[in-house]
Amino acid sequence: MANSGERSPLKLGINGLGRIGKLSLWHHAARNFFSEIVVNLGREAGRGLEDVADYIERDSTYGSLGQYLHGHKGGRVIENLNEEHGTMRVNGTPVTILRKDRNPKDLPWKSLRVPVVVDATGKFLDPTVP
């Protein structure tokens, strides 16, 4: 396990970007523990990655991500958007957004080197059932 202030070499996967998925992303981006977070959105959304970043940036209860992390003077903490690769940095943590397959069993978690995946959809309760 990493020492305080050090990032773990582990990557975290989050399947689903609804309220639970978004707030899980906020939580882990705030702690900067994982070396990367891979989020499966499961489909194209909006007009591209900028729309996904805007969705991640705001919450109807907690307000903006920057304020959640850094108080009322906190600004935008999502940067370095790369539409082609589906990547961005959230509070310094690299985040990859997958936008093709809805079912997590169809995703290349192993080749992405993601050992832990949180299902935030509530749909995939048993990893052994397709």
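Residues numbered from 1 in each chain as written. Predicted model: local features only at pLDDT ≥ 70, side-chain atom pairs only at ≥ 80, totals over all residues. Heavy atoms only, no water.

A. Representation of the packing of helix H1 (residues 19-31) against helix H2 (residues 49-57) in the model. Closest axis-to-axis distance for the H1/H2 pair is 10 Å, and the angle between their directions is 80 degrees. Judged by the inter-axis angle, H1 sits roughly perpendicular to H2. Contacts between H1 and H2 involve Arg19, Lys22, Leu25 and Trp26 from the first element and Tyr55, Ile56 and Glu57 from the second. When its residues are assigned to classes, the contact of H1 with H2 shows 4 nonpolar, no polar and 3 charged. (Axes fitted to C-alpha atoms, helices over the stretch in contact; angles between N-to-C directions. Helix = DSSP H or I, 4+ residues; strand = E, 2+ residues; numbered from the N terminus. Parallel < 35°, antiparallel > 145°, perpendicular 65-115°, else oblique. Contact = heavy atoms within 4.5 Å. Nonpolar A, V, L, I, M, F, W, Y, C, P; charged D, E, K, R; others polar.)

B. Highlighting the pattern of salt bridges. Counting across every chain of the model gives 8 salt bridges. Measuring nitrogen to oxygen at the nearest pair gives 3.3 Å for the salt bridge that ties Arg76 to Asp54. One end of the pair, Arg76, is in the loop between helix H3 (65-70) and strand E5 (78-82); the other, Asp54, is in helix H2, and 22 residues separate them in sequence. Across the salt bridge formed by Arg99 and Glu83, the nearest N and O atoms sit 3.0 Å from each other. Of this pair, Arg99 sits in the loop between strand E7 (93-98) and strand E8 (116-119) while Glu83 sits in the loop between E5 and strand E6 (87-90); the two residues are 16 residues apart in sequence, bridging distant segments of the chain. Classification of Arg99 by relative accessible area gives buried; the value is 11%. (Salt bridge = Lys/Arg side-chain N within 4 Å of Asp/Glu carboxyl O. Buried < 20%, exposed > 50% of the residue type's maximum accessible area, 1.4 Å probe, protein only.)

C. Region of interest: the environment of Asn82. Its place among the elements puts Asn82 in strand E5. Owing to a relative accessible area of 27%, Asn82 belongs among the partly exposed residues under this scheme. Taking the C-alpha atoms as reference points, Asn82 and Glu50, 32 residues apart in sequence, are found 9.2 Å from one another. Not counting residues within four places of it along the chain, the set of residues in contact with Asn82 comprises Leu49 and Thr87. Reaching out from Asn82, the side chain makes a polar contact with the backbone nitrogen of His85 at a distance of 2.9 Å. (Polar contact = N/O pair within 3.5 Å; in protein donor to acceptor, adjacent residues only side chain to side chain.)

D. Inspection of H1 at higher detail. The end-to-end C-alpha distance of H1 is 19 Å, a good match for the 18 Å that 13 residues give at a rise of 1.5 Å each. All buried positions along H1 are accounted for by Gly21, Lys22, Ser24, Leu25, Trp26 and Ala29. (Expected span 1.5 Å × (residues − 1).)

E. Up close: the sheet that holds strand E2 (residues 36-40). What the 6 strands build is an open sheet, ordered E5-E6-E7-E2-E1-E8; its pairing is mixed. Edge positions in the sheet fall to E5 and E8, since each of these pairs with one other strand and no more. Strand after strand, the sheet turns through a mean of 20 degrees between neighbouring axes, direction not considered. In this structure, strand E1 (residues 11-15) lies alongside E2, joined through 5 bridges in parallel fashion. Pairing of Gly13 across the sheet is with Val38, part of E2. (Pairing = 2+ DSSP bridges.)

F. Examining the nonpolar core more closely. Val39, Val52, Ile56, Met88, Val95 and Ile97 are the most contacted members of the largest nonpolar core, which totals 24 residues. When contributions to this core are tallied by element, the ones reaching two or more residues are E1, H1, E2, H2, H3, E6 and E7. Take this core: its biggest share by element is 4 residues, from H2. Those residues within four positions of Val52 in sequence are excluded, and the remaining contacts are Leu17, Leu41, Ala45 and Ile97. If you look at the next biggest cluster of nonpolar residues, it comprises 5 residues, including Val38, Leu98, Trp109 and Val114. (Core = buried A, V, L, I, M, F, W, Y, C linked by side-chain atoms within 4.5 Å.)

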